[in-house]
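One letter stands for each residue in the lines below.
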Amino acid sequence: SLSTRMPSGSTIKYGTTNGSYTSTSAPKITNVAESKTIYYQVEHANYNTKTGSFKCTITKANMNVTATADSKTYNGSALTCDGNLSGVPSSGSTIKYGLSEGSYTLNSAPTITNVADSDTIYYQVTNPNYNDATGSFTCTINRATITDTPADNTKTYDGTALTCDGSLSTRMPSGSTIKYGTTN
């Protein structure tokens, strides 16, 4: 502190422009972008006036961002792949996502719907007061279990063929491939 290093009874004035000492209160800064050179003037009745400058700097902090895997069992609806990021500063942070490491082109979390869409998602968190944080997590759609069972096919003999499909074509999920066999 400048005030503790100068002779007792000194008057200290501060400014942010060389030669302009307009404040008797030491300037304060909070954010990295506010870092600046501070100019000062010290006056005392028994000493020569002293002027000078010093840097007042806030350096970027590290973020401790962590992600967890996103997953769910297939149900036909989309899963948002945001990684449930924690440790992201609440003020001034921007999160971008990408499908390849080093490429963060998505402004919002991607979504997947099908098992085949499962992928590794990459993220980048930026904030003017912190060093960038990057990482990845998996986003997975797990296969669902078909829970419906075939129905018995029966009819009274009338000379026409009975289609023995167990009514599967109307009971299975859309897009299912049904194969039949007659060997037990």
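Just above, that's the structure.
Caption draft 1: Looking closely at the overall build of the protein chain. A count of helices and strands for the protein chain gives two helices and nine strands. For the protein chain, the sequential pattern of α-helices and β-strands runs α-β-β-β-β-β-β-β-β-β-α. Compactness check: the protein chain gives a C-alpha radius of gyration of 34 Å against a globular reference of 16 Å for 184 residues, more than 25% above the reference. Taking the principal axes of the C-alpha coordinates as reference, the protein chain spans close to 125 × 25 × 25 Å. The proportion of buried residues among the 184 residues of the protein chain is 23%.

Caption draft 2: Spotlight on the sheet that holds strand β1 (residues 11-15). Pairing is antiparallel across the open sheet formed by three strands, whose spatial order is β1-β2-β3. Each edge of the sheet is formed by a strand with only one pairing partner; in this case those strands are β1 and β3 (47-56). Taking the axes of each pair of neighbouring strands and ignoring which way they run, one obtains an average angle of 20° across the sheet.

Caption draft 3: Region of interest: the packing of aromatic side chains. In total, this model carries two aromatic pairs according to the counting rule given. Centroid distance Y40 to F54: 6.1 Å. Interplanar angle 35°. Geometry classified as tilted. One end of the pair, Y40, is in strand β2 (residues 36-44); the other, F54, is in strand β3, with 14 residues separating them in the sequence.

Caption draft 4: Representation of the state of the cysteines. Evaluated as defined, the whole model comprises one disulfide. The disulfide that involves C81 links it to C139, with 1.9 Å between the sulfurs. Between C81 and C139 the disulfide shows an S-S torsion of about -70°. By sign, it is left-handed. Of the two residues, C81 is situated in the loop between β5 (79-80) and β6 (94-98) and C139 in strand β9 (residues 130-142); the sequence distance between them amounts to 58 residues. An identical accessibility class is assigned to C81 and C139; each is buried.

Caption draft 5: Focus on the environment of Y40. Looking at Y40, the relative accessible area reads 9%, which means it is buried. When the C-alpha positions of Y40 and Y14 are compared, they lie 4.5 Å apart, and in sequence the two are 26 residues distant. Ignoring any residue separated from it by four or fewer positions in sequence, one finds Y40 in contact with L2, K13, Y14, Y21, K50, T51, G52, S53 and F54.

Caption draft 6: Examining the nonpolar core more closely. Ranked by size, the top nonpolar core spans 15 residues in total, and within it V65, Y97, Y123 and V125 carry the most contacts. Secondary structure elements with two or more residues in this core: β8 (119-127) and β9. Here the element with the most residues in this core is β9; it accounts for four residues. Non-local contacts of Y123, meaning those with residues more than four positions away in its chain, are made with V65, T66, A67, L85, K96, Y97, Y104, A133, T134, G135, S136 and F137. With seven residues, the next largest nonpolar core counts L2, Y14, I38 and Y40 among its residues.

Caption draft 7: Region of interest: unusual backbone geometry. Backbone geometry at N84 places phi at a positive 45°, although glycine is not the residue there. Along the chain, N84 turns up in the loop between β5 and β6. Owing to a relative accessible area of 46%, N84 belongs among the partly exposed residues under this scheme.

Caption draft 8: Region of interest: the pattern of salt bridges. Taken as a whole and assessed by the stated rule, the structure comprises one salt bridge. Residue D158 pairs with K155 through a salt bridge whose shortest N-O separation is 2.8 Å. Taking relative accessible area as the criterion, K155 reaches 38% and is therefore assigned partly exposed.

Caption draft 9: Layout of the sheet that holds strand β4 (residues 70-73). Strand order in this open sheet of four strands is β4-β9-β8-β6, and the pairing throughout is mixed. The open sheet terminates on both sides in strands that have one partner only, identified here as β4 and β6. For this sheet, the mean angle separating the axes of adjacent strands, direction not counted, is 20°.

What counts, and where the lines are drawn
- Residues numbered from 1 in each chain as written.
- Predicted model: local features only at pLDDT ≥ 70, side-chain atom pairs only at ≥ 80, totals over all residues.
- Heavy atoms only, no water.
- Helix = DSSP H or I, 4+ residues; strand = E, 2+ residues; numbered from the N terminus.
- Rg over C-alpha atoms; globule rule 2.2 N^0.38 Å.
- Buried < 20%, exposed > 50% of the residue type's maximum accessible area, 1.4 Å probe, protein only.
- Pairing = 2+ DSSP bridges.
- Axes fitted to C-alpha atoms, helices over the stretch in contact; angles between N-to-C directions.
- Phe/Tyr/Trp six-rings, centres within 6.5 Å; stacked < 30°, edge-to-face > 60°.
- Disulfide = S-S within 2.5 Å.
- Contact = heavy atoms within 4.5 Å.
- Core = buried A, V, L, I, M, F, W, Y, C linked by side-chain atoms within 4.5 Å.
- Salt bridge = Lys/Arg side-chain N within 4 Å of Asp/Glu carboxyl O.

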